[in-house]
Amino acid sequence: MSKSEEIILIKKSNDLIESHYSLSIWEARILLSLLGKIRMEDDGNEKYRLYWSEIVKWFKLKSGSSYDLLREGVISLSNKTIIVNRITEDGVLRSMHASIFSLVDVLAKDGNSGISMNLLKKNEYIDVQINEAMRPYLLQLKKNFTSYKLSNVVDLTFNSLRIYELLKQYEKIGKRRLSIDELRNMLKLGEKYEKFGDLSLWVIK
């Protein structure tokens, strides 16, 4: 590996990997970009700045792509609910519903027509802050988590990414068994791919 190659490590708690949610490809890229910025010492009070040019580089996107995709993606992601099932200390199964971000700051869509192109380019970033309820699943992870290199997943669709994580979690064991209903629920497929042949073709394979 060349010294110039950047290694970006993604870490997620296993509870989050087992959770139920569905994201668009841009929502997934934003979440992965955020995870690539998190440091071990972060306590949750940080604002994370994600630059458009950085995401274009990380995900090998065409330079002609628009910042609008980043803006729309982070706004829609902030409105998504993640469902995390967890077992309490007394053995009760509870289901937490929470959004990922408590704050999103983006370049306004309209009203910047008089601003120079250079200044606009400098402002093509988003600032986000992690919702307090989600911090235990993303920050200061010391046990019960799964990690992988961002470069392993940049070409995957969202469903492929989720299946990769579900398998990566069991890498040391060497195999994993999931029922079709479990997989459908984790990916929040709803009524999509009701026939197993369609699910096998468009999701699993």
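That block above? That's the structure.
Here is a short report on the structure shown in this document. (Residues numbered from 1 in each chain as written. Predicted model: local features only at pLDDT ≥ 70, side-chain atom pairs only at ≥ 80, totals over all residues. Heavy atoms only, no water.)

**Some words on unusual backbone geometry**
Its identity as a non-glycine residue notwithstanding, Lys60 has a phi of 55°, on the positive side. Mapping Lys60 onto the fold places it in the loop between α3 (52-58) and α4 (67-78). One non-glycine residue, Lys188, adopts positive backbone phi at about 50°. Along the chain, the position of Lys188 falls in the loop between α8 (180-187) and α9 (196-204). Residue classification places Lys188 among the partly exposed residues on the basis of a relative accessible area of 44%. (Helix = DSSP H or I, 4+ residues; strand = E, 2+ residues; numbered from the N terminus. Buried < 20%, exposed > 50% of the residue type's maximum accessible area, 1.4 Å probe, protein only.)

**Details of the packing of helix α7 (residues 158-168) against α8**
Where α7 contacts α8, the two axes come as close as 11 Å, and the packing angle between them is 120°. Here α8 runs oblique to α7, going by the angle between their axes. The hand of the α7/α8 crossing is right-handed. On α8, the residues that touch Asn159, Arg162, Ile163 and Leu166 of α7 are Leu183, Met186 and Leu187. A breakdown of the residues in the contact of α7 with α8 according to their chemical character gives 5 nonpolar, 1 polar and 1 charged. (Axes fitted to C-alpha atoms, helices over the stretch in contact; angles between N-to-C directions. Parallel < 35°, antiparallel > 145°, perpendicular 65-115°, else oblique. Left-handed = near helix turned anticlockwise from the far one by under 90°. Contact = heavy atoms within 4.5 Å. Nonpolar A, V, L, I, M, F, W, Y, C, P; charged D, E, K, R; others polar.)

**With respect to a nonpolar patch on the surface**
Taken together, the side chains of Ile180, Phe196 and Ile204 define a hydrophobic patch exposed on the protein surface, amounting to about 260 Å² of accessible area. Note that Phe196 resides in helix α9. (Patch = residues over 30% accessible without salt bridge, like charges linked within 9 Å, V, L, I, M, F, W, Y side chains within 5 Å. Areas by Shrake-Rupley, 256 points an atom, 1.4 Å probe, with all protein chains shown as cover. Salt bridge = Lys/Arg side-chain N within 4 Å of Asp/Glu carboxyl O.)

**Section: the pairing of strand β6 (residues 125-130)**
As a general feature of sheets, a regular strand has side chains that alternate between the two faces. By the criterion of burial, β6 is predominantly enclosed, with 6 of the 6 residues buried. Note: strand β5 (residues 101-105) against β6, 4 bridges, orientation antiparallel. Its bridge partner being in β6, Phe101 is matched across the sheet by Ile130. (Pairing = 2+ DSSP bridges.)

**Quick word on the sheet that holds β5**
Sheet architecture is open: 3 strands sit in the order β2-β6-β5, paired in antiparallel fashion. The sheet is open, and its two edges are formed by β2 (48-51) and β5, each paired on a single side. Between one strand axis and the next, the sheet turns by 25° as a mean value, whatever way the strands run. Two elements, β2 and β6, share 4 bridges in a ladder whose sense is antiparallel. Across the sheet, the residue bridging to Arg49 is Asp127, located in β6. Strand contacts of helix α2 (residues 25-37): β2, β5 and β6, with the helix running at about 125° to β2, the strand carrying the most contacts.

**What to know about the packing of aromatic side chains**
Here the structure, examined in full by the defined rule, presents 4 aromatic pairs. When the ring of Tyr148 is compared with that of Tyr164, the centres are 5.3 Å apart and the planes differ by 85°; the resulting orientation is edge-to-face. Taken as a pair, Tyr148 in strand β7 (residues 145-149) and Tyr164 in helix α7 lie far apart in primary sequence, 16 residues in all. In this structure Tyr148 comes out as buried when scored by relative accessible area, which is 3%. Positioned over the ring face of Trp26 is Arg29, at 5.1 Å from the centre of the ring. (Phe/Tyr/Trp six-rings, centres within 6.5 Å; stacked < 30°, edge-to-face > 60°. Lys NZ or Arg CZ within 6 Å of the ring centre and 35° of its normal.)

**Observations regarding the side chain of Asp42**
Tracing the backbone shows Asp42 in the loop between α2 and β2. Judged by relative accessible area, Asp42 falls into the buried class, the value being 1%. Side-chain polar atoms of Asp42 contact the backbone nitrogen of Arg39, separated by 3.0 Å. In this structure the side chain of Asp42 is engaged in a polar contact, spanning 2.7 Å, whose partner is the side chain of Tyr48. What Asp42 contacts, discounting residues up to four positions off in sequence, is Lys37, Tyr48, Leu139 and Gln140. (Polar contact = N/O pair within 3.5 Å; in protein donor to acceptor, adjacent residues only side chain to side chain.)

Honestly, it's all geometry; don't read function into it.
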